[in-house]
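Listed below are the residues making up each chain.
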Amino acid sequence: MFPYQKVHELNRLELIVYKYIVGHLEEVENMTIRDLANEAQVSTTTVLRFLKKMNYGGFSEFKFALKHNQNQPVRTFNDSSVEPIQNFFKTIVQEGTFDKKINQAAQMINAADLVLFFGVGNSGKIAQYGSSLLSSYGIYSLPIADPFQPEPLADRDFSKTLLIVVSVSGETPNSIQQAKYYKQNGAATIALTANSYSSLNQIVDFPISYDLPQIRNGQINVTTQVPLVYILEQSASNAYHKMIEQPKRGLSENIAEDE
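Fair warning: this is a prediction, and the values are worked out from it, not measured in the lab.

Draft legend 1. Here's a closer look at the pairing of strand S4 (residues 188-193). When you tally the buried positions in S4, you get six out of six residues, the bulk of the element. Both strand S3 (residues 161-166) and S4 contribute to a ladder of five bridges, which runs parallel. Within S4, the position partnered with Val166 by the bridge is Leu192. Of the crossover connections in this fold, the one passing from S3 over helix H10 (residues 173-184) to the parallel S4 is right-handed. Inspection of the sheet shows S4 paired to strand S5 (residues 206-209) by four bridges, in the parallel sense. By the bridge assignment, Ala191 is partnered in S5 with Pro207.

Structure follows, in structure tokens:
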């Protein structure tokens, strides 16, 4: 319904509309354009601009496509939180852009002598899984287990190190601090987030965002981690096969190639 490549061309307000729709598909089916604009807290002009970027002629055409999509014979779930995950996998199947991001991440992993993973809370557990996964493929990788670990007193040379920061919001202070420190000391950096416009994405060399609605239980971010697991598993497998098939290249070469 929404091509992945075009999602990453959205501005901040248009992305808010996208996130609201994919998180509330059943509700949106019965809304007017003004209802949708009010719920997403944007203008109707923003909604129309978003739909135009998604190749819809107007709100009526979008509603027809949404109804047709909802009527497709697919397995149903009682938990509506499954809908964003379904949408994520639909987009990566339909578009080849995400494969390019996985390929780029794999090249950066393969070029590093050491891959470090960092995350806080649930993202920290995913970061540990990512490190373990790479190690299973014979790639030297370690997790930073203590999110409050102080910076070393002396400068370090991390020019052959890759730091992968896992943060759903992309706004966790500890994650931003770690990304800044390692990048300032020569490391290549990747961010895995659910927010293309996060502060973390603006800092790192290479962000990978999957832009799903974020869900919180009080102060705890309980947004699904399924896309992160998919990204890590695909990147690890891709890096392993590249390690076998092609000679190792420097981290700076791989970053420059993507730019």
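Here the narrative resumes.
Draft legend 2. Region of the structure containing the pattern of salt bridges. Within this structure, the stated rule accounts for three salt bridges. In this structure, the salt-bridge partner of Arg49 is Glu14, at a minimum N-O distance of 2.8 Å. With Arg49 in helix H5 (residues 44-53) and Glu14 in helix H2 (residues 12-23), the pair connects residues that are 35 residues apart, well separated along the chain. A salt bridge links Asp205 to Lys183; the nearest nitrogen and oxygen atoms lie 3.6 Å apart.

Draft legend 3. Local environment of the packing of H2 against helix H4 (residues 33-40). Here H2 crosses H4 at 105 degrees, and the two axes come no closer than 10 Å. It follows from the interaxial angle that H2 and H4 lie roughly perpendicular. Two secondary-structure elements touch here, H2 through Ile16, Tyr20 and Ile21 and H4 through Leu36, Glu39 and Ala40. Along the lines of polarity and charge, the residues of the contact of H2 with H4 split into five nonpolar, no polar and one charged.

Basis of the calculations
- Residues numbered from 1 in each chain as written.
- Predicted model: local features only at pLDDT ≥ 70, side-chain atom pairs only at ≥ 80, totals over all residues.
- Heavy atoms only, no water.
- Buried < 20%, exposed > 50% of the residue type's maximum accessible area, 1.4 Å probe, protein only.
- Helix = DSSP H or I, 4+ residues; strand = E, 2+ residues; numbered from the N terminus.
- Pairing = 2+ DSSP bridges.
- Right-handed = clockwise from strand over helix to strand, strands pointing away.
- Salt bridge = Lys/Arg side-chain N within 4 Å of Asp/Glu carboxyl O.
- Axes fitted to C-alpha atoms, helices over the stretch in contact; angles between N-to-C directions.
- Parallel < 35°, antiparallel > 145°, perpendicular 65-115°, else oblique.
- Contact = heavy atoms within 4.5 Å.
- Nonpolar A, V, L, I, M, F, W, Y, C, P; charged D, E, K, R; others polar.

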